[in-house]
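Residue strings, one per chain:
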Amino acid sequence: MKRKLLSVILAVSMVAACLAGCGSGAATEEAAPAESEAPAEEASDAGEGAETSGGDGSGARKLVFWDKAEYVDEYGTMMKAAVDKFAEEQGVEVDYVNVPSADMKQKLMAAIEAGNAPDLIVGDDTLVGQFASLNQLENVDDIMSEYDFTDAALKVGLLGDTQYMVPQAFTAPGMYIRADKWQEKGLDMPETWEELKEQAKIVNDPANGFYALGFAMGASGGGDAEGFCRTIILDWGGQTVDENGNVVVNSPETVEALTFIKSLYDEGLISPDAVTGDDMWNNQAYLAGTAGVICNAGSIIASMKNDDPDLLSKTQVIAYPAGPKGSYTLGGSNVFGVIASGKNVAEAKDFIRSYYNDMDNYEAMIEVMGSMWQPVINGMDESEFWQDEMNKPWMESSKQSVKTYYPAPSDEKAMTCFSSQLCVKAVQEMLINGATPEEAAEILEKSFKEVYEAE
């Protein structure tokens, strides 16, 4: 059954990739990746021909490692150095390959189907977690017990009672605010969503091209809008799926949350084109000075440092506000996954140990990534870097972050519902097609049950 499901997902992924290629008018390999690729061997066809240990019968120790290409070039340089150090010290021949994040799922599925999987991967926890639900990841309880991971980190790769992913770094979101606009009106930083809305009414200036809020709501395949919707639902006391896997989204709390989201658009606090804006829309709006508040990861800090230090000086980053029933931050993380069908499981685990045995290098790598990454090891939050007022909110956000599909069990159904942007599509029904919040909650319930009750 798991193998059949893997084949189906592979077919869907390949069709999607083909459609994307047709839409762009260029082959995938020629398209510019969303992230700068690190200076290491590229996976031009990583699903084919990657040599694995033991294939030549020599008995030499080998490791095939696919790493997610990152926005910051220095990361690739540092990881390649860590790989080379491991190879030399432990006598392991390592094939280190950078894979653009958009290509990782399709290439990995193809490699597993072909019986030629890598031994070790790094990717985001939602993607890698799908392979755990398909019984494709090795148990890593041993590694997780050997290092001083934070409480939040210990929850990242836990499926049931077993650890299947080793966290590398959190990628928590934060709230960017144009502090200068708030200060002009004598406003403090908001502590609740309702307070943010009332302040937004004061700051809003659409006649001059400035909207107080910049929350995009396009069903473009990204996670920003879906994460925002689910955060509001949780903060109002609702849930999409409970801890036992029951669909519970159609509740009075969810209706109230949807009513709040709808009001932000109805009252003109967000630009009308945000309704169909993709994950880049909020970045571009904030950097262009047309939006006063957005929710995003730390990559915008890097953009402002390089391109607009004046805007950076006018920006403050704060943790997400609270709702009537609490404050949740839906955050992601980068993780190591040891592929169960790989030929070098022991070497893959040994590399992870080597990586965490060099804590000076780990701390340097985290800081090179700037506030885009937050550490998963205890004791690093007191450093000068994390006490900096621009970086500190990201650390605090990572400590309170939960999985994007919280509190649902970690499985293929939860991940499918999130990646399908079911909450975004329900909100669009309100904003575009005139559905009421009650009708949107019913739409959500039906959509979630189609996934959770499928045979």
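Honestly, the overall build of the protein chain in this entry has me stumped. Any pointers?
Summing up its helical and strand segments, the protein chain has 20 helices and 13 strands in all. Within the protein chain, buried positions represent 55% of all 455 residues. Here the contacts in the protein chain between residues at least 6 apart in sequence split such that 74% fall between residues at least 24 apart. Approximately 18,800 Å² of the protein chain is accessible, and the part contributed by carbon and sulfur atoms is 48%.

Help me understand empty space enclosed by the protein in this model?
Regions of empty space are outlined by a rolling probe, equal in size to a water molecule, passed over the atoms. Going through the model one piece at a time under the given rule, you end up with two cavities of 30 Å³ or more. As a volume, the largest cavity reaches approximately 40 Å³. If you trace the largest cavity, you find it lined by Arg230, Ile233, Leu234, Gln239, Thr240, Leu330, Thr404 and Tyr406. In terms of residues, the lining of the largest cavity owes the most to one element, helix H9 (residues 224-235), which gives three residues. Split by residue class, the lining of the largest cavity holds four nonpolar, three polar and one charged. In this structure, the second largest cavity encloses a volume near 30 Å³. Every residue lining the second largest cavity is listed: Lys68, Ser101, Met104, Val122, Gly123, Asp124 and Leu127. Taken together, the elements giving at least two residues each to the lining of the second largest cavity come down to helix H3 (101-113) and strand S4 (120-124). Broken down by element, the residue count for the lining of the second largest cavity peaks at three residues, all from S4. By residue class, the composition of the lining of the second largest cavity is three nonpolar, two polar and two charged.

Just checking my understanding: could you explain the pairing of strand S8 (residues 174-178) for this structure?
The two faces of a sheet get side chains in turn, since along a regular strand they alternate between them. Judged by how many residues are buried, S8 sits mostly within the fold: five of five residues are covered. Alignment of S8 against strand S10 (residues 315-318), held across four bridges, turns out to be antiparallel. Bridge pairing links Arg178 to Thr315 in S10.

I keep staring at the environment of Pro190 and nothing clicks. Help me out?
With respect to the helices, strands and loops of the structure, Pro190 is situated in the loop between helix H7 (179-184) and helix H8 (193-203). Remark: the alpha-carbon pair of Pro190 and Ile318, spanning 128 residues in sequence, is separated by 8.9 Å. Setting aside anything within four residues of it in sequence, one finds Pro190 in contact with Ile177, Trp182, Glu195, Leu196, Gln199 and Ile318.

In this structure, what is going on with the packing of aromatic side chains? I would like to understand it.
Note on aromatic pairs: each is described by the distance of the centres and the angle between the planes. All chains considered together, the criterion is met by 24 aromatic pairs. Ring geometry for Phe149 against Tyr356: centres 5.5 Å apart, planes inclined by 80°, an arrangement best described as edge-to-face. You can see Phe149 sitting in the loop between helix H5 (141-144) and helix H6 (151-156) and its partner Tyr356 sitting in helix H14 (residues 345-357), a full 207 residues away along the chain. With respect to class, Phe149 is no different from Tyr356; both count as buried.

I would appreciate a short explanation of the sheet that holds strand S9 (residues 293-296) in the present structure.
Note on sheets: strands pair through backbone hydrogen bonds, and any given pair is parallel or antiparallel. Pairing within the open sheet is antiparallel, and its three strands lie in the order S9-S8-S10. Looking at strand neighbours, the two that pair on one side only are S9 and S10, the edges of this open sheet. Each strand axis lies, on average, 25° off the axis of its neighbour in the sheet, ignoring direction. Each of S8, S9 and S10 is contacted by helix H11 (residues 279-287), which is oriented at about 135° to S9, the strand it contacts most.

Quick question: what am I supposed to make of the confidence of the model for the protein chain here?
When pLDDT drops low, the exact placement of atoms in the prediction is not to be read closely. Here the protein chain averages 87 in pLDDT, while 87% of its residues score no lower than 70. Across residues 8-56, confidence stays below pLDDT 50; counting only partners more than four residues off in sequence or on other chains, it has 82 contacts.

Cut-off values and rules
Residues numbered from 1 in each chain as written. Predicted model: local features only at pLDDT ≥ 70, side-chain atom pairs only at ≥ 80, totals over all residues. Heavy atoms only, no water. Helix = DSSP H or I, 4+ residues; strand = E, 2+ residues; numbered from the N terminus. Buried < 20%, exposed > 50% of the residue type's maximum accessible area, 1.4 Å probe, protein only. Contact = heavy atoms within 4.5 Å. Areas by Shrake-Rupley, 256 points an atom, 1.4 Å probe, with all protein chains shown as cover. 1 Å grid on protein atoms, 1.4 Å probe; cavity = no way out; pocket = protein on both sides within 12 Å on 5 of 7 lines; lining within 4 Å. Points joined across faces, edges and corners; volume = space filled by probe spheres on them. Nonpolar A, V, L, I, M, F, W, Y, C, P; charged D, E, K, R; others polar. Pairing = 2+ DSSP bridges. Phe/Tyr/Trp six-rings, centres within 6.5 Å; stacked < 30°, edge-to-face > 60°. Axes fitted to C-alpha atoms, helices over the stretch in contact; angles between N-to-C directions. pLDDT = per-residue confidence, 0-100.

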